[in-house]
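The primary structure of each chain is shown beneath.
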Amino acid sequence: MHLGTTTEGTPLELAPADLTTHGVIVGMTGSGKTGLGIVLLEEALAAGIPTLILDPKGDMGNLAGDDVTIYTPGSEAGVPLNVIGSLAAPSLSWDSEAETLRDEIESVVTSLLGLVGIAADPLASREYVLLANLIEHAWRAGRNLDLPTLIGEVHAPPLRKLGVFDIDVFFPPAGRTALAMRLNGLIASPSFAAWSAGVPLDIGALLGERRAAIIYLAHLSDDERQFAVTLVLSKLVTWMRGLPGTSELRALVYMDEVFGFAPPTAMPPAKQPILTILKQARAFGVGMVLSTQNPVDLDYKAMANAGTWLVGRLQTENDKARVLEGLRSAAGGADIEALSAGIGGLAKRQFMLVSARSNRPVVFSTRDTRSRLTGPLTREQVAAITPDVPVAAPVVVSSDAGTPVAPPVAEGVPVGWAGAGRLRAYLSARVSVHYDDPGVDELVRFEAFYTLAAQPVDVSGPVADVAPAGVDYELPDAPIGERAFFRDAEKAIKRHVVAERTLELRRNVKLKLVSRPGESAEAFAARCDEAAQAAADAETAKLRDKLEVREDRLQRALETARRRVEDLSLEERAQQTEQLAAGAGMLLGALFGGRRRTRSMAGALGRSARGASKRRAAEAKVADATDDLLEVEREIEASVLEIDARWRAVADQIEPVAVRAEAADVAVERLALIWATPL
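Because the structure is predicted, anything quoted here is derived from the model rather than measured.

**Q** What is the right way to look at a nonpolar patch on the surface in this model?
**A** A surface patch of nonpolar side chains, amounting to about 330 Å² of accessible area, comprises V164, F165 and V169. Within the element layout of this structure, F165 appears in strand 8 (residues 165-166).

Below, the structure written as structure tokens:
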């Protein structure tokens with residue numbers, strides 16, 4: 001890399017690999033520092049080394065070459081650069097590169113908070129802790145972020161705890177809303193829309209095909225420059241950590257004016273990625289050259305990692321003393337007093353090269369640039385030299401589109417989430433209804449979803465009390481931020497329940513039974529049948545009581561008749577035995593012997609005949625009593641069958657009935673707003 005000619009007339013050559021240990025260019029205004037920077041970049045491009053150039057003052061746009069592109073974050077003067085899209089999840093693994101990824105998160109958060117005037121302390125700032133955790137939560141899930149989505153998650157975090165505290169304790173909702181409002185002020189500003197326009201901030205793409213990418217920053221405020229530089233360099237660190245190691249110069253990062261980005265006593269957002277590059281980039285073949293005209297404002301302890309110093313004319317002894325402090329590490333065994341004397345004698349466009357690879361400093365004059373140096377470029381000049389390149393337009397949120405920030409809900413109203421993607425506002429109501437009707441005394445509780453117009457609707461999925469990540473919200477027409485809206489919604493839900501939410505039951509009028517809520521038709525029919533059986537049993541019991549006396553009387557009569565038959569039968573058999581014992585010829589002897597009278601013989605015969613007649617009469621009474629008992633049993637059988645059939649019919653007399661509640665019997669116990677995926 002030919003930079004110029006030494007005082008001895010020999011070419012001053014710098015090996016590209018020397019810049020893997022980084023470099024510093026220091027010189028007062030008018031020293032030729034910008035020209036040396038242009039020469040260095042021309043040589044890098046000629047050597048095929050891709051360069052990333054951070055241009056806070058606008059001087060680097062003078063660099064000539066077909067492979068030079070000027071990017072203008074926050075402006076369409078050059079090629080717009082979408083730095084907001086840099087919140088996309090990096091491709092590095094959290095298992096092996098957690099420190100690198102957290103460094104990028106720290107840089108992003110501190111610069112973002114700096115834009116809205118919040119000093120970010122990684123330990124003491126709850127704003128920092130919240131934003132850092134939200135970004136890490138998304139990136140660990142492989143989910144890309146943009147600023148609107150991040151603002152939405154500030155308002156409704158997809159996290160339940162931060163540390164050991166509930167998130168609402170660590171950072172109450174009112175404070176989160178205030179932070180979201182401050183961040184929203186950025187994207188609400190029309191001038192900030194350009195920050196989301198243009199090509200993505202992809203370092204590999206910007207440096208591809210050995211190109212030079214100039215990040216023009218002269219049009220930005222100090223805070224905006226910090227923001228842009230921090231995001232660009234943080235992405236560079238993440239990109240380089242994904243590269244294999246090398247000892248060759250793979251890419252060069254050049255910053256034309258580092259003033260304000262790496263001060264000795266402060267830690268602005270951009271300083272962290274600068275320090276990381278100075279400490280780690282060498283292993284990946286990435287070199288950094290920092291240029292400044294304000295040597296007092298440089299952190300020389302950090303610059304100790306720089307192995308190449310190019311020192312031009314300095315304005316004050318104090319400036320020279322500060323530079324010599326930084327040179328001690330790079331000068332090796334060089335004489336510091338000689339260095340001081342040499343720096344004091346430098347002319348315009350003369351520089352002293354002090355390298356860690358050489359013990360001898362070399363004074364040289366820079367060669368003429370191939371580029372035409374016209375001074376800092378204005379936005380109009382940048383626009384004039386930038387070819388028309390089609391780029392993605394900024395995302396403009398229309399009035400009917402969604403928003404990543406959940407619209408505010410009236411104080412005291414619970415909020416839940418169900419679903420993902422685009423969410424719509426619904427109402428979730430827990431309702432109790434007392435149904436009071438003849439035979440009905442039921443208290444029913446249910447939960448249902450309604451539209452904001454209090455019409456029933458189905459909502460799928462479980463309801464969570466933590467917002468899901470990566471959602472946006474339809475803007476409702478209803479004033480959900482006002483408590484009066486929810487009072488009116490309660491009344492509308494009550495009216496709907498009275499009109500439409502009847503209690504559909506079954507009823508058996510004769511049995512005075514009504515089904516219970518949720519009781520099946522089969523179960524209620526079984527209950528009616530059981531009640532009918534009980535009623536039939538009761539009626540049968542009354543019939544039994546009525547016929548029991550009659551049955552007992554008949555049983556006694558039958559028993560008496562049976563005993564009479566037995567007595568007469570015994571008497572008759574006794575007479576028969578007596579006659580047999582006397583002999584069958586007794587009557588003949590009496591008749592022909594003439595010793596007995598006729599009446600006497602007739603009396604004996606008559607007593608026998610009368611005994612048989614009495615027995616037959618008694619047997620007839622037994623038969624009659626038996627018939628009477630059989631008649632009673634037949635009567636009982638017929639009555640039981642009739643009772644059973646009649647109550648079976650009663651059990652089957654089931655009819656539907658719709659019970660309506662009175663308005664006073666309906667209560668909305670809990671009303672919440674639910675953000676859910678529309679069906």
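Structure's up, so let's keep going.
**Q** Looking at this structure, I do not really get helix 8 (residues 222-241). What am I missing?
**A** Since there are 3.6 residues in each turn of an α-helix, residues three or four apart along the chain are aligned in direction. With 20 residues, helix 8 ought to run about 28 Å at 1.5 Å a step, and its terminal C-alpha atoms sit 28 Å apart, in line with that. In terms of residue burial, helix 8 counts as a mostly covered element, since 15 of its 20 residues are buried.

**Q** Please explain the confidence of the model for the chain as it appears in this structure.
**A** The predicted coordinates should not be examined in detail at positions where pLDDT is low. Taken as a whole, the chain shows an average pLDDT of 84; of its residues, 88% reach a score of 70 or greater. A low-confidence stretch, residues 395-399 stays under pLDDT 50, and its non-local contacts, those more than four residues away or across chains, total three contacts.

**Q** Where do I start with the side chain of E42 in this structure?
**A** Topologically, E42 is positioned in helix 1 (residues 33-46). By relative accessible area, which is 6% here, E42 ends up buried. Once residues lying within four places of it in the same chain are set aside, the contact partners of E42 are L63, R367, T369, R370 and S371.

**Q** So what exactly am I meant to see when it comes to the pairing of strand 11 (residues 251-255) here?
**A** In summary, the side chains of a regular strand alternate between the two faces of the sheet. Counting buried residues in strand 11 gives five out of five residues, a clear majority hidden from the surface. The side-chain alternation of strand 11 yields two buried faces, one formed by A251, V253 and M255 and the other by L252 and Y254. When strand 4 (residues 51-55) meets strand 11, the two strands line up parallel, connected through four bridges. Bridge pairing in strand 11 places I53 opposite Y254. Two elements, strand 11 and strand 12 (residues 286-292), share five bridges in a ladder whose sense is parallel. Residue V253 lies in a different strand from strand 12, and its bridge partner there is M288. One crossover worth recording links strand 11 to the parallel strand 12 by way of helix 9 (residues 271-280), and it is right-handed.

**Q** Where do I start with the sheet that holds strand 14 (residues 350-355) in this structure?
**A** Hydrogen bonds between backbone groups are what pair the strands of a sheet, and the pairing can be parallel or antiparallel. With mixed pairing, the eleven strands of this open sheet are ordered in space as 2-1-15-14-13-3-12-11-4-10-5. Looking at which strands have only one partner, the edges of the open sheet turn out to be strand 2 (11-13) and strand 5 (68-71). Adjacent strand axes in the sheet meet at a mean angle of 25 degrees, parallel and antiparallel pairs treated alike. Both strand 3 (residues 23-26) and strand 13 (residues 308-311) contribute to a ladder of four bridges, which runs parallel. Bridged to V26 within strand 13 is V311. In this fold helix 1 packs onto strand 1 (2-6), strand 3, strand 4, strand 5, strand 10 (212-216), strand 11, strand 12, strand 13, strand 14 and strand 15 (362-366), with an angle of close to 165 degrees to the strand it touches most, strand 11. Here helix 9 sits on the sheet in contact with strand 11 and strand 12, set at roughly 130 degrees to strand 12.

**Q** Can you help me understand the packing of helix 8 against helix 9 in this one?
**A** Describing two packed helices takes the angle between their axes plus the distance from one axis to the other. The contact between helix 8 and helix 9 brings their axes to 9 Å, and the two run at 30 degrees. Judged on the interaxial angle alone, helix 9 and helix 8 are roughly parallel. Crossing angle aside, the handedness with which helix 8 passes helix 9 is left-handed. Side by side, helix 8 and helix 9 meet where T230, L233, S234, L236, V237, M240 and R241 of the first sit next to P273, I274, T276, I277 and Q280 of the second. Classifying every residue of the contact of helix 8 with helix 9 by side-chain character gives seven nonpolar, four polar and one charged.

**Q** Help me understand the pattern of salt bridges in this model?
**A** As a working rule, side chains carrying opposite charge can pair if their charged atoms are close by. Applying the stated criterion across every chain yields a total of 25 salt bridges. Notably, a salt bridge pairs R422 with D472, separated by 2.8 Å at the nearest N-O pair. Of this pair, R422 sits in strand 17 (residues 422-437) while D472 sits in strand 20 (residues 472-473), placing them 50 residues apart in sequence. You can call R422 partly exposed: its relative accessible area is 35%. Salt-bridge contacts for E539 lead to R646; the nearest nitrogen and oxygen are separated by 2.4 Å.

**Q** Looking at this structure, I do not really get the packing of aromatic side chains. What am I missing?
**A** Within this structure, the stated rule accounts for five aromatic pairs. With a centroid separation of 5.0 Å and 80 degrees between ring planes, the pair formed by F485 and F486 is classed as edge-to-face. A single burial state applies to F485 and to F486, both of which are buried.

About the criteria used
Residues numbered from 1 in each chain as written. Predicted model: local features only at pLDDT ≥ 70, side-chain atom pairs only at ≥ 80, totals over all residues. Heavy atoms only, no water. Patch = residues over 30% accessible without salt bridge, like charges linked within 9 Å, V, L, I, M, F, W, Y side chains within 5 Å. Areas by Shrake-Rupley, 256 points an atom, 1.4 Å probe, with all protein chains shown as cover. Salt bridge = Lys/Arg side-chain N within 4 Å of Asp/Glu carboxyl O. Helix = DSSP H or I, 4+ residues; strand = E, 2+ residues; numbered from the N terminus. Expected span 1.5 Å × (residues − 1). Buried < 20%, exposed > 50% of the residue type's maximum accessible area, 1.4 Å probe, protein only. pLDDT = per-residue confidence, 0-100. Contact = heavy atoms within 4.5 Å. Pairing = 2+ DSSP bridges. Right-handed = clockwise from strand over helix to strand, strands pointing away. Axes fitted to C-alpha atoms, helices over the stretch in contact; angles between N-to-C directions. Parallel < 35°, antiparallel > 145°, perpendicular 65-115°, else oblique. Left-handed = near helix turned anticlockwise from the far one by under 90°. Nonpolar A, V, L, I, M, F, W, Y, C, P; charged D, E, K, R; others polar. Phe/Tyr/Trp six-rings, centres within 6.5 Å; stacked < 30°, edge-to-face > 60°.

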